Amino acid sequence: MKKIAIYATILAICGGGLYSVVAAEKTAEPAAAAEAPKEPLVCFESRKGASEITQREIKPGWPNVKCSPTTGAALWYGDPFEGTVPMGKMPGLENLPEGHALVKPRSEKLNILPMCGTACHNGVGPQFNPPTLPKDKKPIPIPTMEGLVPDVKDLQHGRGRIWCLDCHHTTKRNMLVDHFGDPISFDQPQLLCGKCHGDKLRDWRDGIHGKRIGEFASNGKKRWFTCTECHNPHNVQDGVRNRGFIQLQPEPSPQLPKGMANADHEKVHPIPH
Amino acid sequence: MALNENPSADPAGAPASADPDKAVLKTTRRDFLKAGGMLSMSSLMGTAALMTQSGDAHAAVEWAEHFQKNYRLMTAEEKAEAKARLERRYSAEYGKQVTVDTTDAQPGVLMGYALNIRKCIGCRRCVHACVAENNQSRGKERAGEKIEWIQVLRMERGKFEAEKMNHGYPEGLGIQVGGNAYTPAGLVLEGQYHYNPEKVPEEDATYMPIACMQCEKPPCVKVCPVRTTYREPDGPVVIDYNWCIGCRMCMGACPYWARRLNVTNPVLPKEEMNPVTHYLGNRPRMRGVVEKCHWCLQRTRHGRYPACVEVCPVGARKFGNLLDPESEVSKILQRKNVFRLKAELNTFPKFFYFYD
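Residues numbered from 1 in each chain as written. Chains lettered and ligands numbered in written order. Predicted model: local features only at pLDDT ≥ 70, side-chain atom pairs only at ≥ 80, totals over all residues.

S.K.: What should I look at first to understand the overall build of chain B in this one?
M.R.: Each helix and strand in chain B was counted, giving eleven helices and 14 strands. For chain B, buried positions account for 35% of its 356 residues. Residue pairs at least 24 apart in sequence account for 62% of intrachain contacts in chain B once pairs closer than 6 positions are excluded. (Helix = DSSP H or I, 4+ residues; strand = E, 2+ residues; numbered from the N terminus. Buried ≥ 20, exposed ≤ 12 C-beta atoms within 10 Å, placed from the backbone. Contact = placed C-beta atoms within 7 Å.)

S.K.: Teacher, can you tell me more about the sheet that holds strand S7 (residues 85-86) of chain A here?
M.R.: Note on sheets: strands pair through backbone hydrogen bonds, and any given pair is parallel or antiparallel. All names here are of chain A. Spatially, S7-S8-S12-S11 is the arrangement adopted by the four strands of the open sheet, whose pairing is mixed. Both outer strands of the open sheet, S7 and strand S11 (212-214), are each paired with one neighbouring strand and no more. Here two bridges tie S7 to strand S8 (residues 101-103), and the two strands are oriented antiparallel to one another. Pairing of Pro 86 across the sheet is with Leu 102, part of S8. (Pairing = 2+ DSSP bridges.)

S.K.: Can you help me understand the interface of chain A and chain B in this one?
M.R.: It is common to report an interface's size as the accessible area lost on association of the parts. Taken together, the contact between chain A and chain B spans 45 residues of the former and 53 residues of the latter. Its residues assigned to classes, the side of chain A that touches chain B comprises 20 nonpolar, 15 polar and ten charged. (Nonpolar A, V, L, I, M, F, W, Y, C, P; charged D, E, K, R; others polar.)

S.K.: I'm lost on the nonpolar core in this one. Help?
M.R.: As a rule of thumb, nonpolar side chains are buried together in soluble globular proteins. Core analysis: the biggest nonpolar cluster contains 81 residues, and Tyr 113, Cys 126, Ala 129, Cys 130, Ile 150, Cys 308 and Val 311 of chain B have the highest contact counts within it. With five residues, the top contributor of residues to this core is helix H6 (residues 125-134) of chain B. Domain assignment of the residues forming this core places at least three in each of domain 1 (40-78) and domain 2 (80-245) of chain A. With sequence-adjacent residues up to four places away left out, Tyr 113 of chain B is seen in contact with Trp 295, Phe 319, Val 329, Lys 350, Phe 351 and Phe 352 of chain B. In terms of nonpolar packing, the next biggest core, distinct from the first, is built from eleven residues, Leu 176, Leu 191, Cys 193 and Trp 204 of chain A among them. (Core = buried A, V, L, I, M, F, W, Y, C linked by C-beta atoms within 7 Å. Domains from an automatic or database assignment.)

S.K.: Help me understand the domain arrangement of chain A, please; the structure alone is not making it clear to me.
M.R.: Splitting chain A by domain gives domain 1 (40-78) and domain 2 (80-245). Within the side of domain 1 of chain A that touches domain 2 of chain A, the residues separate by chemical class into three nonpolar, three polar and two charged.

S.K.: Looking at this structure, I do not really get helix H11 (residues 328-335) of chain B. What am I missing?
M.R.: Residue pairs three or four apart in sequence face the same way in an α-helix, which turns once every 3.6 residues. When H11 of chain B is considered as a whole, its buried residues turn out to be Glu 328, Val 329, Lys 331 and Ile 332 of chain B. Projected onto a plane normal to the axis of H11 of chain B, the buried residues spread over an arc of 160° and lie on a single side. (Arc of directions from axis to C-beta.)

S.K.: Help me out: how do you make sense of the sheet that holds strand S2 (residues 111-116) of chain B in this one?
M.R.: All names here are of chain B. Judged by pairing direction, the sheet is mixed, and its four strands sit side by side in the order S12-S2-S14-S13 without closing on themselves. Here the strands that pair on one side only, and so sit at the sheet edges, are strand S12 (317-321) and strand S13 (337-339). The sheet shows a mean angle of 30° between the axes of neighbouring strands, direction not considered. In this sheet, strand S14 (residues 351-355) lies alongside S2 in parallel orientation, the contact comprising four bridges. Considered in S14, the bridge of Leu 115 is made with Tyr 353. Lying on the sheet, H11 is in contact with S2, S12, S13 and S14; it crosses S12 at an angle near 105°. (Axes fitted to C-alpha atoms, helices over the stretch in contact; angles between N-to-C directions.)

Written as structure tokens, this is what we have:
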């Protein structure tokens, strides 16, 4: 009896399992058929590795973004304000109407940020009480840290004249720091960068430096791209690039005119010199 | 023999005979011409009625468009009719709800554009954003089927070199006129449009995007024989595509190579078509008309940035109202070093190049 019962249960489980699999397949099939041609398409906005946007339809035939099939870059915005939040207090922009200065929060993209404030760097703990703050400004290489943030191995910012805690808060490592030692959110890096790059901050505030999308009127509703959306602060002066912006793949070149096989003529000067 | 038995076919009966030979004998030349005129008139009207009432939106609109005025001479009602016609036609053609905007220039706005020539990395994202927004032809098979309004010109940088310190000029011809340590900028004088490296920006290159400069004194407007291209009150130079005859005078007159002719029937896939259009802007064009940049009228008339400004990854492109001293373009004109391309031609572009 016991054996039979066991067999029966096994059969029942198998049968049930099989049925559920079949049922799952049945329900999955139309969904897969509908989804297969439309995998969620994610494209990067300014530089690779910073802010990204996922393509979806806002209304029929009107996507929120069009992505380049060649490079995966955002090529066209149906909705320039998607995923944005108000910028927060910014000196010099007080005259803008409420909610007209928007930014995309950077903290969502920084995966290890929630950890930073709690695990190692909050300065409190059984053996860190009172907090053991760094004795000098010469960072000791920590393998875990270098594994998490490879950029710190070769800091290319300030030509050796600055170190980590000039920008990052000493005890609140999920924050940046201003001149008074007060924390700054990662979503407002302009308040930090403006400490040294004041001319660029002024140009950015007036819309001359950097990128803004949305309405073009001077008091219009705009999404402002913050410093770190275009520049990687840990290697802004890396070797092969120029102009402070990381190199990227260009979009395809224009069509050749009729009868032209290639564009080699462009590389030769008509008069040798 | 049924015809012969018909009383009306009797030659001795009514003057209007069904028999052509007999009828001609009894009608004067004037009557004949009259009848012929009436016949052709009625057939024309019949065709018109048939075409306008048929389900073929394309045919109906083509017919109506033949009697359409130049856009600048249209009354408000005629503009509304033209708008409704085009919306019907495009919606049928592209299988989605297409809107054709006819918003006029907004008062107090004079559009201006600025481009930071030092920031441009030559990634051509603006070129392709423009195509996505403005419904250009994008075929790949035949030459002339792919139309792009922005050209990005790659130019080489000049440099001074130590090893050329004592080079004479002209080289090897005897007369020493000074040193020539300089290797000129632009080994290729005309620049390169078809550059395609793996990564941009390249170390030894500068990039210069060129599109319509929206001149205040546009040479293209001066030469247009049908006056279909003109400057709008808020700045951009636009084209009423329906009145363009494709003579290409404007293409010859433009010193900035900004205008493109639809040599072939435009290739515009339904799914890629942008359904938000403006009559003078990005509505789909036909073969044989000229088109060019219009600063995305369908966007800018409603306050939005042009498509190329929004996608530039380095923020080199700036757009704003020249009459507003607080706009970013006005600030650039106040604060930065600005030049206009081919300023010596007195075209007075509203497109400014600047550098930090």
